[in-house]
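Each chain, letter by letter, is given below.
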Amino acid sequence: MLAPDSFNPRIGYAETLRPGLRRIVAPNPSAMTYRGTNTYLLGMKEIAVIDPGPDNSAHLAAILDAIGPDARITHILVSHSHLDHSPLARRLQDACGAPIHAFGNATAGRSPVMQSLAESGLIAGGEGIDSEFSPDVCLPDNAIIQSAEWMLNVIHTPGHLGNHICFAWDDICFTADHVMGWASSLVSPPDGDLTDFMTSCARLQERRWQIFYPGHGAAIDHPNNHLDWLVSHRRAREKQILEALAAGPANAQALARAIYLDTPLELLAAATRNVLAHLIDLMGKSHVSAHGNLSADTKFERR
């Protein structure tokens, strides 16, 4: 986790961020969601709702109240199918009639390695997955979504989840949970894949961005610098894991306890999942090997 910031929004209030863009923070604060899920309203007359959020009646009412009588929701856009981002989509659709757009269902975009792990059942995952999610419109990578007021380019960014996408609005990007300012993204196998995550980071680094609007927390004003930090952070974590394994074989939990010394106890399980993601990535690069079949308790050693 990064240092605390001053982000303390009024929950349920449609705050104007720039002309044609507002943000409503959902009432679902937690150790994993920070102040709550950011729902974005793009447009003034023909509005795209980006990440409706959790299944919460108060948040649904806040979204609908913000639309007003002279506008309508034309698109419901879901970045990925975690329970804090996608479940409200259907209830919002029932209220406004707009189609739901996303990359695909809860398992879409999952890498072959993670698909194999999921099928084996040896690594439990699915933390917070909206397993019933299914969009009306599947958005392929590089798809264009537009109205008379705005145009978005879809960037498939698997890693945090296989079906994760970002939305580029010129040099502004809605990064959901791939890039956040308050914390580095959770990557939890078999739904999350660190190899894919790093590839997605590299893809975002190819462009010069003005600002990132993430799924949780404040806007990121120096996005390319933050991306560079995120990649460096992951590489430093990889180095720490390899250095810890120099003392002998260990499983992900033992490594997390040795490395995440300042992490609160309630976040240690998430840290352990991140370490496991690194270990699987390091296996793919032939830097470590596993003792037996992969599971949450498998011990790994340096090669």
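## Points about the overall build of the protein
Within the protein one finds seven helices and 14 strands. At 19 Å, the protein has a C-alpha radius of gyration in line with the 19 Å of a compact globule built from 303 residues. Within the protein, the fraction of its 303 residues that count as buried is 55%. Surface accessibility of the protein: about 13,000 Å² in total, with carbon and sulfur atoms responsible for 50%.

## Re the nonpolar core
I241, L245, L255, V275, L279 and I280 are the most contacted members of the largest nonpolar core, which totals 22 residues. Here this core gets seven residues from one element, more than from any other, and that element is helix α7 (residues 268-284). The contact partners of L279, leaving out residues within four places of it in the chain, are I241, L245, A252, L255, V288 and F300.

## Here we look at the state of the cysteines
Going through the model one piece at a time under the given rule, you end up with zero disulfides. With no disulfide of its own, C173 has C166 as its nearest cysteine by sulfur position, at a separation of 4.6 Å. Given a relative accessible area of 0%, C173 falls into the buried group.

Procedures and definitions
- Residues numbered from 1 in each chain as written.
- Predicted model: local features only at pLDDT ≥ 70, side-chain atom pairs only at ≥ 80, totals over all residues.
- Heavy atoms only, no water.
- Helix = DSSP H or I, 4+ residues; strand = E, 2+ residues; numbered from the N terminus.
- Rg over C-alpha atoms; globule rule 2.2 N^0.38 Å.
- Buried < 20%, exposed > 50% of the residue type's maximum accessible area, 1.4 Å probe, protein only.
- Areas by Shrake-Rupley, 256 points an atom, 1.4 Å probe, with all protein chains shown as cover.
- Core = buried A, V, L, I, M, F, W, Y, C linked by side-chain atoms within 4.5 Å.
- Contact = heavy atoms within 4.5 Å.
- Disulfide = S-S within 2.5 Å.

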